[in-house]
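Residues per chain are reported as follows:
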Amino acid sequence: MADERDRESTEIAVAELHKKIKEAFEVFDQESNNTVDVREIGTIIRSLGCCPSEGELHDLIAEVEEEEPTGYIRYEKFLPVMTEVLLERRYRPIPEDILLRAFEVLDPAKRGFLSKEELIKYMTEEGEPFSQEEMEEMLSAAIDPESNTIHYKDYIAMMVIDEN
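Residues numbered from 1 in each chain as written. Predicted model: local features only at pLDDT ≥ 70, side-chain atom pairs only at ≥ 80, totals over all residues. Heavy atoms only, no water.

The name that an unreviewed UniProt entry assigns to the protein is Dynein regulatory complex protein 8 isoform X1, with the source organism given as Vicugna pacos.

What follows is the structure, encoded as structure tokens:
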């Protein structure tokens, strides 16, 4: 009896995920033909609350692309892969306390902010470097135009996704 209830609740959860995935996919399905431009996949995945790195996104795209890439992703191939990603809770956002510690490492003087120049240096020269477009997007959201700094506690509070 309990097994059947578990199976039913899993089926309901999967059906809800399928609905969310379909709705996110349809936003970018310009021609209503169950395909989206491959360049939109990252946006779709992120809109579903996942935060893959560029490398992980590249791997996901390779998984859902056609054998001979066409530049488009079909819904039928995207749905099972994205369902599995969501069920396994892969690519979860980084928790607020870890983000704060990361910024604090970059701010050894404990000022509570980084200059625009420091931020650009760290984000383009360390780890998995940001592209020019990613850097511009981050700067537009993060930098206080009056002081030309990022007050990282404010930025983290704005960035963090509420898991509820």
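S.K.: Describe the UniProt feature "domain: EF-hand" (unreviewed entry) in the protein, with residues and values.
M.R.: Residues annotated by UniProt as "domain: EF-hand" (unreviewed entry) correspond here to residues 16-51 and 94-129. Helix makes up 56% of residues 16-51 and strand makes up 8%, while its end C-alpha atoms are separated by 20 Å. (UniProt positions renumbered as here; feature names shortened; annotations may be inferred. Helix = DSSP H or I, 4+ residues; strand = E, 2+ residues; numbered from the N terminus.)

S.K.: Requested: an account of the domain arrangement of the protein, with residues and values cited.
M.R.: Here the protein is partitioned into domain 1 (1-88) and domain 2 (96-159). For domain 1 versus domain 2, the separation of C-alpha centres amounts to 30 Å. (Domains from an automatic or database assignment.)

S.K.: Would you mind going over unusual backbone geometry in detail, with residue names and values included?
M.R.: In this structure, Arg-89 takes a positive phi of about 55 degrees despite not being glycine. Its identity is not glycine, yet Asn-148 carries a phi of approximately 60 degrees, on the positive side. In this fold, Asn-148 is placed in the loop between helix H7 (132-142) and strand S4 (149-150).

S.K.: Outline the packing of aromatic side chains, listing residues and values.
M.R.: One pass over the full model with this rule turns up four aromatic pairs. Residues Phe-25 and Phe-78 carry aromatic rings whose centres are separated by 5.6 Å and whose planes lie at 35 degrees to one another, so their mutual orientation is tilted. With a gap of 53 residues between them, Phe-25 in helix H1 (residues 2-28) and Phe-78 in helix H4 (residues 75-87) connect regions that are remote in the sequence. There is no split in this pair, since Phe-25 and Phe-78 are both buried. Plain terms: the ring middles of Phe-103 and Tyr-152 are 5.3 Å apart, the flat faces sit at 5 degrees to each other, and that makes the pair stacked. (Phe/Tyr/Trp six-rings, centres within 6.5 Å; stacked < 30°, edge-to-face > 60°. Buried < 20%, exposed > 50% of the residue type's maximum accessible area, 1.4 Å probe, protein only.)

S.K.: Run through the environment of Ser-147, naming residues and quoting values.
M.R.: When you line up the elements, Ser-147 lands in the loop between H7 and S4. For the pair Ser-147 and Lys-116, spaced 31 residues apart in the sequence, the C-alpha separation amounts to 9.2 Å. For Ser-147, the side chain forms a polar contact with the side chain of Asp-144, separated by 3.1 Å. A distance of 2.6 Å separates the side chain of Ser-147 from the side chain of Thr-149, its partner in a polar contact. (Polar contact = N/O pair within 3.5 Å; in protein donor to acceptor, adjacent residues only side chain to side chain.)

S.K.: Please provide a residue-by-residue account of the pattern of salt bridges, values included.
M.R.: All chains considered together, the criterion is met by 11 salt bridges. Residue Glu-76 is joined to Arg-74 by a salt bridge in which the shortest nitrogen-to-oxygen separation is 3.1 Å. Residue classification places Glu-76 among the partly exposed positions, given a relative accessible area of 43%. Between Asp-97 and Arg-101 there is a salt bridge, and its shortest N-O distance comes to 3.7 Å. Here the residue Asp-97 and the residue Arg-101 both occupy positions in helix H5 (residues 96-106), the gap between them amounting to four residues, near one helical turn. Shared partners join several salt bridges into a network, and the residues in it are Glu-66, Arg-74 and Glu-76. (Salt bridge = Lys/Arg side-chain N within 4 Å of Asp/Glu carboxyl O.)

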